[in-house]
Amino acid sequence: MTEFPRTLLDGYRSFKNDRYVREHARYRALAEDGQKPEVMVIACCDSRAAPETIFDASPGEIFVVRNVANLVPPYEPTGAHHGTSAALEFAVQSLRVQHIVVLGHGRCGGIRAVLHPAAEPLSPGDFIGKWMKLLGPATDEIEAAGPLSDAERQTALERASIRHSIANLRTFPCVSILEDRGRLRLHGAWFDIAHGELWTMNPATGDFSKAA
């Protein structure tokens, strides 16, 4: 029988004996009353960029969806499997979140796979390869920007992908209608893993600046 990862069991014991003891009332209230987060965060599944850690969030404060490269697909109701779209629909229509944040990060492996496809063990038939095709328009935007270093192209595409995902969010009727009514706000943010810095996007210009 395969042993459950020891590091996870140790972490659980630390949680149960420390954080749960301090916040047991919150957990019981969440269990009885359900979740009512005001913010949804769409983030990358990269283990170095966990939204709950970055925003020092308590249980029940943010509704988090994570996928490769924090991408939002366009509204496509046909088809079989739309995990991110289903989570978005639930957050907007059931939880009634007031904010949606698309959170990208530095040194993203999914973005690197787009920029350096030959360096990754991917093919057009792979799941990641197909998923990253969503970034086609954003990649064209970067290529049209002129000569950039590899590091500059990486960061530029990471941020362009955030703008692209926000544009895709607006293709969902449930999002665009509520945004037009002032009941939902969309935000972009980028996290620098090496320096622990959060950069937020100006909604008017699409530029990013370091958060105070």
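Residues numbered from 1 in each chain as written. Predicted model: local features only at pLDDT ≥ 70, side-chain atom pairs only at ≥ 80, totals over all residues. Heavy atoms only, no water.

Summing up its helical and strand segments, the chain has eight helices and six strands in all. Ordered by position in the sequence, the α and β elements of the chain form the string α-β-α-β-α-β-α-α-α-α-α-β-β-β. Since a compact globule built from 212 residues should have a radius of gyration of about 17 Å, the 19 Å found for the chain is in line with a globular shape. Reported as C-alpha extents along the three principal axes, the dimensions of the chain are approximately 55 × 50 × 40 Å. Within the chain, counting contacts between residues at least 6 apart in sequence, those at least 24 apart form 65% of the total. Carbon and sulfur atoms make up 54% of the accessible area of the chain, which totals about 12500 Å². Measuring between centres, the 23 positive side-chain charges of the chain sit 4 Å from its 26 negative side-chain charges. (Helix = DSSP H or I, 4+ residues; strand = E, 2+ residues; numbered from the N terminus. Rg over C-alpha atoms; globule rule 2.2 N^0.38 Å. Contact = heavy atoms within 4.5 Å. Areas by Shrake-Rupley, 256 points an atom, 1.4 Å probe, with all protein chains shown as cover. Lys, Arg positive; Asp, Glu negative; His and termini not counted. Charge placed at Lys NZ, Arg CZ, Asp CG, Glu CD.)

Turning our attention to helix 1 (residues 6–33). In an α-helix, one full turn covers 3.6 residues, which means residues spaced three or four apart are oriented alike. Here helix 1 contains 28 residues, and its C-alpha end-to-end distance of 33 Å is more than 12% below the 40 Å for a straight helix at 1.5 Å per residue. Of all the bends in helix 1, the largest measures some 70° and sits at Glu23. Where helix 1 ends, the next residue or the one after it, Gly34, has phi of about 85°, a positive value. (Expected span 1.5 Å × (residues − 1). Bend = angle between axes of the 7 residues up to and from the residue.)

Counting 25 residues, the largest nonpolar core has Met40, Leu88, Val92, Ile100, Leu169, Val175 and Leu184 as the members making the most contacts within it. Mapped by element, the contributors of at least two residues to this core are strand 1 (39–44), strand 2 (62–67), helix 3 (83–94), strand 3 (99–105), helix 7 (150–169), helix 8 (173–180) and strand 4 (185–192). In this structure Val92 touches Val97, Ile100, Cys174, Val175, Leu178 and Leu184, once residues within four positions along its chain are discounted. Of all hydrophobic cores here, the second largest spans twelve residues; its members include Ala69, Leu71, Ile111 and Leu135. (Core = buried A, V, L, I, M, F, W, Y, C linked by side-chain atoms within 4.5 Å. Buried < 20%, exposed > 50% of the residue type's maximum accessible area, 1.4 Å probe, protein only.)

A word on helix 3. Over its twelve residues, helix 3 extends 16 Å from the first C-alpha to the last, a length consistent with the 16 Å expected when each residue adds 1.5 Å. Where helix 3 is buried, its residues meet strand 1, strand 2, strand 3, helix 5 (127–132), helix 7 and helix 8. Trailing helix 3 by a residue or two, Arg96 shows a phi angle of about 60°, which is positive.

Evaluation of the coordinates by the stated rule reveals ten salt bridges. The partner of Glu23 in a salt bridge is Arg19, and the shortest N-O contact between them spans 2.6 Å. Of the two residues, Glu23 and Arg19 are both situated in helix 1; the distance of four residues between them amounts to about one turn of the helix. The buried category is assigned to Glu23, whose relative accessible area is 14%. Residues Glu143 and Arg153 are paired through a salt bridge, measuring 2.7 Å at the closest nitrogen-oxygen approach. One end of the pair, Glu143, is in helix 6 (residues 136–143); the other, Arg153, is in helix 7, with ten residues separating them in the sequence. For Glu143, a relative accessible area of 46% gives the class partly exposed. A residue is classified by how much of its surface remains accessible, and Arg153, at 17% relative accessible area, is buried. Salt bridges sharing partners connect three or more residues here, namely Arg19, Glu23 and Arg26. (Salt bridge = Lys/Arg side-chain N within 4 Å of Asp/Glu carboxyl O.)

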